[in-house]
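# Residue-level structural notes
Given next are the chains, with one letter for each unit.
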Amino acid sequence: MTHASDIAGRIERCFSRIHTERMQGLPIVNEELNVQALGFQSWNGHQVGIIITPWLMNLIMMPMSEEEWGDLLLDSKREFDFPSRSVTFVLTEFDGLGRCMSSAIHSPMNGFPDQASAVSVAERFLQELMDETLQVEIDPEDDRLQRFLQGEEMRKEDGESEQITEDTPISEKIQQPVSRRELLRGLFSAGQD
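Residues numbered from 1 in each chain as written. Predicted model: local features only at pLDDT ≥ 70, side-chain atom pairs only at ≥ 80, totals over all residues. Heavy atoms only, no water.

Before going further, it helps to spend a moment on the nonpolar core. By size, the foremost hydrophobic cluster in this structure holds 26 residues, and its most contacted members are I50, I52, M57, L59, M61 and F82. Contributions of two or more residues to this core are made by β1 (36-43), β2 (46-52), β3 (57-62), β5 (86-94), β6 (98-106) and α2 (115-129). With seven residues, α2 is the single largest residue contributor to this core. Residues contacting L59, with those up to four places away along its chain left out, are V48, G49, I50, V87, F89, M101, S102, S103, I105, F125, L126 and L129. (Core = buried A, V, L, I, M, F, W, Y, C linked by side-chain atoms within 4.5 Å. Buried < 20%, exposed > 50% of the residue type's maximum accessible area, 1.4 Å probe, protein only. Helix = DSSP H or I, 4+ residues; strand = E, 2+ residues; numbered from the N terminus. Contact = heavy atoms within 4.5 Å.)

Now for the packing of aromatic side chains. Counted by the stated rule, this structure contains five aromatic pairs. Ring centres of W43 and F80 lie 6.4 Å apart, and the angle between their planes is 75°; on these two criteria the pair is classed as edge-to-face. Pair noted here: W43 is in strand β1 and F80 is in strand β4 (residues 77-81), with a separation of 37 residues, a long-range link. When sorted by exposure, W43 lands in the same class as F80, which is buried. Consider the rings of F80 and F89, whose centres lie 5.5 Å apart with planes at 85°: the pair is edge-to-face. A single burial state applies to F80 and to F89, both of which are buried. Ring pairing ties together the aromatic residues W43, F80, F82 and F89, which thus form one cluster. (Phe/Tyr/Trp six-rings, centres within 6.5 Å; stacked < 30°, edge-to-face > 60°.)

Structure follows, in structure tokens:
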């Protein structure tokens, strides 16, 4: 089995390349932060840890073997039960790294003043995730935010998708959850209502 330090090194190299080749100059990049993989440890046969970058902080799970998630579609979701709570991951694939499961913790990273503060949050997150005495109850709003960060459409309590159109008054728009697609399409753009 690959050592945690080897995996952390591969992940850092992969995200450092993404930083250099794709993220330079983008407004979501916090220039005070660096790419850093930390806390990788064996859990249920997988290696699990956190990647900190200037634009995101994700929980990463590496497969036990290259074939483990070979039959799953990219972007498919899977839930894993950690000692303190369940976490939903998305299957992703990166050049030089291969397939892995990823779960958003923070994005963007503009709220972090420096690397030390990001590392502190990441270490605390991992410690709490692996602490079975905590058994975290998920706050519904935290759950909605987590689903939003992972690109899921926001749904009403009855399971229906909420529809926000350009004709919807701004007073109603701000009270309705917004799907990631709607947010990116800019239905809240200036000049409406």
